[in-house]
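Reading the structure
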Amino acid sequence: MPKSHRKAVEEHPVLDADTAARLAYEHDRTLSTHAFVDGEHPVVRIEHLNKAFDDNVVLRDVNLTVWPGEVVVVLGPSGSGKSTMLRCINRLETPTAGHILFNDEEVTGQSKARLCEMRKHLGMVFQNFNLFPHLSAKENVMIGQVKALGRTKEEAEAEAVRQLDAVGLGDRVDFMPAQLSGGQQQRVAIARAVAMHPDVLLFDEPTSALDPELVRGVLDVMRDLAENSGMTMIVVTHEMGFARDVADRVVFMEDGLVVEEGLPGDVFDHPKSDRTAAFLGNIEGA
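Residues numbered from 1 in each chain as written. Predicted model: local features only at pLDDT ≥ 70, side-chain atom pairs only at ≥ 80, totals over all residues. Heavy atoms only, no water.

For the rest of this paragraph, the subject is the packing of aromatic side chains. Across all of its chains, the model carries three aromatic pairs by this definition. With centroids separated by 5.0 Å and ring planes inclined at 80°, the aromatic side chains of Phe 36 and Trp 67 adopt a geometry described as edge-to-face. Pair noted here: Phe 36 is in the loop between helix H2 (17-28) and strand S1 (44-53) and Trp 67 is in the loop between strand S2 (56-66) and strand S3 (71-75), with a separation of 31 residues, a long-range link. A relative accessible area of 22% means that Phe 36 is categorised as partly exposed. On the accessibility criterion, Trp 67 (1% relative accessible area) is buried. The interplanar angle of 45° and the centroid separation of 5.2 Å between the aromatic rings of Phe 252 and Phe 279 together place this pair among those described as tilted. Separated by 27 residues along the polypeptide, Phe 252 in strand S9 (residues 249-254) and Phe 279 in helix H11 (residues 274-285) bring together distant segments of the chain. With respect to burial, Phe 252 and Phe 279 carry one shared label: buried. The ring of Phe 53 carries the charged tip of Lys 51 above its face, separated from the ring centre by 4.7 Å. (Phe/Tyr/Trp six-rings, centres within 6.5 Å; stacked < 30°, edge-to-face > 60°. Helix = DSSP H or I, 4+ residues; strand = E, 2+ residues; numbered from the N terminus. Buried < 20%, exposed > 50% of the residue type's maximum accessible area, 1.4 Å probe, protein only. Lys NZ or Arg CZ within 6 Å of the ring centre and 35° of its normal.)

Structure (structure tokens):
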């Protein structure tokens, strides 16, 4: 971290779980369509998160809570820190300062073994599919179940077939990635993540590498997950229609900051920040 930013970062102690839940509820209750339950705690807590790569400060004092079953869509221009925030949640990136908690347990500072255990409950779908090219669609969905969850090959195969059928690829289970379109490969990646039955599923711009005609199929799968699975989802995307229709809450980031968050209708139709309004105007006018 550059010295100027290091001096500006104030170290904050992590909040105790009950206090954090109470403050998060007071902050979020009018910003989300999530059906809050008395005594509920957020499944993800981000407190005063900072991240810098040498002299490049990417995240600046980010605070965000996500509730069980909530669908949070994160918008913002390229370079705003959206993907880095996601990668910090499952510790693909190490925060420079601040705290990230999953089910009230701190992710930051965990041992490698404990972090591996926690990652079983944090699924992620990447921009570029990240499938094993030498494995079939079914085998790609099976491998994590066997290696990380200890399922038998028979159990993993049954779950893989079930999840591939759910994303419309029941007739492609034995196809190799090279035999599938980009949209089909991304649906395999989603099936792989869902087959692990994570508590939280992170999507890092899952349609950005796809040709426009392939985007709809992937969004339809994500829409079905959001509306019918009850799974907690944090989605970084530029798909405005998806954000408006599916999100419980929309978060707008720029320059490493959470600039605005709220109900989709409020953020899209009545943005409070001039920067949010300008961004949405440019996207919708493109």
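Once you've had a look at it, read on.
Here we come to the sheet that holds strand S6 (residues 122-125). Read across the sheet, six strands follow the order S6-S7-S8-S3-S9-S10 without closing on themselves; strand pairing throughout is mixed. Strands with a single pairing partner mark the edges of an open sheet, and in this sheet they are S6 and strand S10 (257-262). For this sheet, the mean angle separating the axes of adjacent strands, direction not counted, is 20°. Sheet topology places S9 next to S10; five bridges connect them, and they run antiparallel. Within the sheet, the bridge partner assigned to Phe 252 lies in S10 and is Glu 260. Running over the sheet, helix H8 (residues 212-228) touches S3, strand S7 (200-204) and strand S8 (232-236) and is turned about 145° from S8. (Pairing = 2+ DSSP bridges. Axes fitted to C-alpha atoms, helices over the stretch in contact; angles between N-to-C directions. Contact = heavy atoms within 4.5 Å.)

A word on the sheet that holds S2. Spatially, four strands are ordered S2-S1-S4-S5 in an open sheet, and the strand pairing comes out antiparallel. The strands lining the two open edges of the sheet, one partner per strand, are S2 and strand S5 (105-106). Packed onto the sheet, helix H3 (residues 82-89) meets S1, S2 and strand S4 (97-102) and runs at close to 115° relative to S1.

Running from N to C, helix H5 (residues 137-149) and helix H6 (residues 153-166) cross one another at 130°; their axes reach a closest spacing of 8 Å. By the angle between their axes, H5 is oblique relative to H6. The two elements H5 and H6 cross, and the hand of that crossing is right-handed. Only Lys 153, Glu 155, Ala 156, Glu 157, Glu 159, Ala 160, Val 161 and Leu 164 of H6 make contact with H5, whose side of the interface consists of Ala 137, Lys 138, Val 141, Met 142, Gln 145 and Val 146. Split by residue class, the contact of H5 with H6 holds eight nonpolar, one polar and five charged. (Parallel < 35°, antiparallel > 145°, perpendicular 65-115°, else oblique. Left-handed = near helix turned anticlockwise from the far one by under 90°. Nonpolar A, V, L, I, M, F, W, Y, C, P; charged D, E, K, R; others polar.)

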